[in-house]
Amino acid sequence: MTESNKASHIQWQPYQIDAAARARLKGHQSTVLWFTGLSGSGKSTVANALEQALLARGVHTYLLDGDNVRHGLCADLGFSAADRSENLRRVAAVADLMVDAGLVVLSAFISPLREQRERIKQMLPPGKFLEIYIATPLEECEKRDVKGLYKKARAGEIQQFTGISDPYEAPEAADLVLNTAEFSLEQSVQLLLDLLLAKAVIAPAAT
Ligand SMILES: Nc1ncnc2c1ncn2[C@@H]1O[C@H](COP(=O)(O)OS(=O)(=O)O)[C@@H](OP(=O)(O)O)[C@H]1O
Ligand SMILES: Nc1ncnc2c1ncn2[C@@H]1O[C@H](COP(=O)(O)OP(=O)(O)O)[C@@H](O)[C@H]1O
């Protein structure tokens, strides 16, 4: 840290427009739906389908996806525990800004460790973190092997691959658990819309 950008030399500047004002303008609340689960579990597919359903209902959204974020904001990071934590810290900071901007943010990241997800929750305003556990079993994810990564991980061509040679800690108290080997895409989307309704993020008329 240079002398000129020390935290003690930087003061928070107050804004005149807050999240509540933006919610009134948009007609819905903001929140983060944090999708966690193994590679190939269905995070991206479910989040994309939900975003389409929300758009059709006039809800303002943004989807942050691990693969895409790692092309830009986090292009310098790999898959060590430290790099994954830094990846998720940056995404949580972006999600925090988007929540303040009034959006329903859909974040699809493996986010393998409980302490990483707890830290994300702490970085967001109280009540703005909904944990969605895509609980598709490893065997099903590996069978799908959408990108051929499990095959490479089993062959030792990819190190630290989640579920194979790196840990995944399942959430203990997720707001919603979806096993995409059991639920159709339509069922998952409906359950997510029901959750947003129950949490009063979107209004009944918008469902
Ligand atoms: N070693 C290793 N382990 C897990 N995943 C790997 C790895 N290497 C590359 N990939 C690809 O990167 C995607 C996961 O990135 P994330 O940013 O979501 O991971 S993390 O939350 O920081 O753990 C993940 O995307 P998804 O399949 O959509 O989950 C993979 O395509
Ligand atoms: N019921 C379902 N819900 C979501 N995805 C499903 C379902 N059944 C099969 N799939 C398939 O599983 C794969 C999940 O891949 P993806 O969404 O990229 O997972 P992730 O983002 O967790 O890596 C996709 O090819 C998708 O078509």
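Numbering of residues begins from 1 in every chain and follows the order in which that chain's sequence is written. As a convention, the first chain written is A and the first ligand written is 1, with the rest following in written order. In view of the model being predicted, local features appear only for residues whose pLDDT reaches at least 70, and side-chain atom pairs are presented and counted only at 80 or more, with totals across whole chains, interfaces and linings using the full set of residues. With hydrogens and water set aside, each side-chain value is computed from the structure's full complement of heavy atoms.

Right, let's get into the pairing of strand E4 (residues 129-134). Buried means the residue's accessible area, taken with a 1.4 Å probe over protein chains only, is under 20% of the maximum for its type, while exposed means over 50%, and partly exposed covers the values in between. Comment: elements are numbered from the N terminus, with helices defined as DSSP H or I runs of at least four residues and strands as E runs of at least two. With respect to burial, E4 is a largely interior element, 6 of its 6 residues being buried. Strands qualify as paired when DSSP identifies two bridges or more between them. Where E4 meets strand E5 (residues 176-178), 3 bridges bridge the pair, whose relative direction is parallel. Note that in E5 the partner of Ile132 across the bridge is Leu176.

UniProt positions are given in the numbering used here, feature names are shortened, and annotations may be inferred rather than shown by experiment. UniProt records the feature "domain: APS kinase" (unreviewed entry) at residues 29-178, using the numbering of this structure. Here residues 29-178 runs as 41% helix and 17% strand, with 23 Å between its end C-alpha atoms.

A few words now on the environment of Val59. Position of Val59 among the secondary structure elements: in the loop between helix H2 (43-56) and strand E2 (61-65). Val59 sits 69 residues away from Lys128 along the chain, and the two C-alpha atoms are 16 Å apart. Contacts are assigned to residue pairs with any non-hydrogen atoms lying within 4.5 Å of each other. Leave out the neighbours within four places in its chain, and Val59 touches His28, Leu54, Val104 and Ile202.

This part takes up the site of ligand 2. It suffices for a single heavy atom of a residue to lie within 4 Å of a molecule or strand for the residue to be listed as near it. Near ligand 2, the surroundings consist of 15 residues, among which Gly40, Lys43, Ser44, Thr45 and Phe183 are the closest. The term polar contact refers here to a pair of N or O atoms within 3.5 Å; inside protein, the definition further demands a hydrogen-donor-capable atom paired with an acceptor-capable atom, and it admits residues adjacent in sequence only when both atoms are side-chain atoms. In the environment of ligand 2, an oxygen atom lies 3.2 Å from a nitrogen or oxygen atom belonging to the backbone of Ser41. Here a nitrogen atom of ligand 2 and a backbone polar atom of Phe183 are 2.8 Å apart. Considered on its own, ligand 2 offers 570 Å² of accessible surface; in the complex 74% of this is hidden by protein. A cavity here means a set of points on a 1 Å grid, drawn over the protein atoms and nothing else, where a 1.4 Å probe fits but cannot get out; a pocket is an open set with protein on both sides within 12 Å along at least five of seven lines, and a residue lines either one if it has an atom within 4 Å of a point. Each molecule is checked against the cavity or pocket grid, and it sits inside if more than half of its atoms lie within 2 Å of the grid points. The cavity where ligand 2 resides is the largest pocket. Looking at the shell around ligand 2, the element that brings in the most residues is H2, giving 4 residues. Classification convention: Asp, Glu, Lys, Arg as charged; Ala, Val, Leu, Ile, Met, Phe, Trp, Tyr, Cys, Pro as nonpolar; all other residues, Gly among them, as polar. Classifying every residue of the shell around ligand 2 by side-chain character gives 5 nonpolar, 8 polar and 2 charged. For every accessible area listed, the method is Shrake-Rupley and the probe measures 1.4 Å; residues are considered covered only by the protein chains on display.

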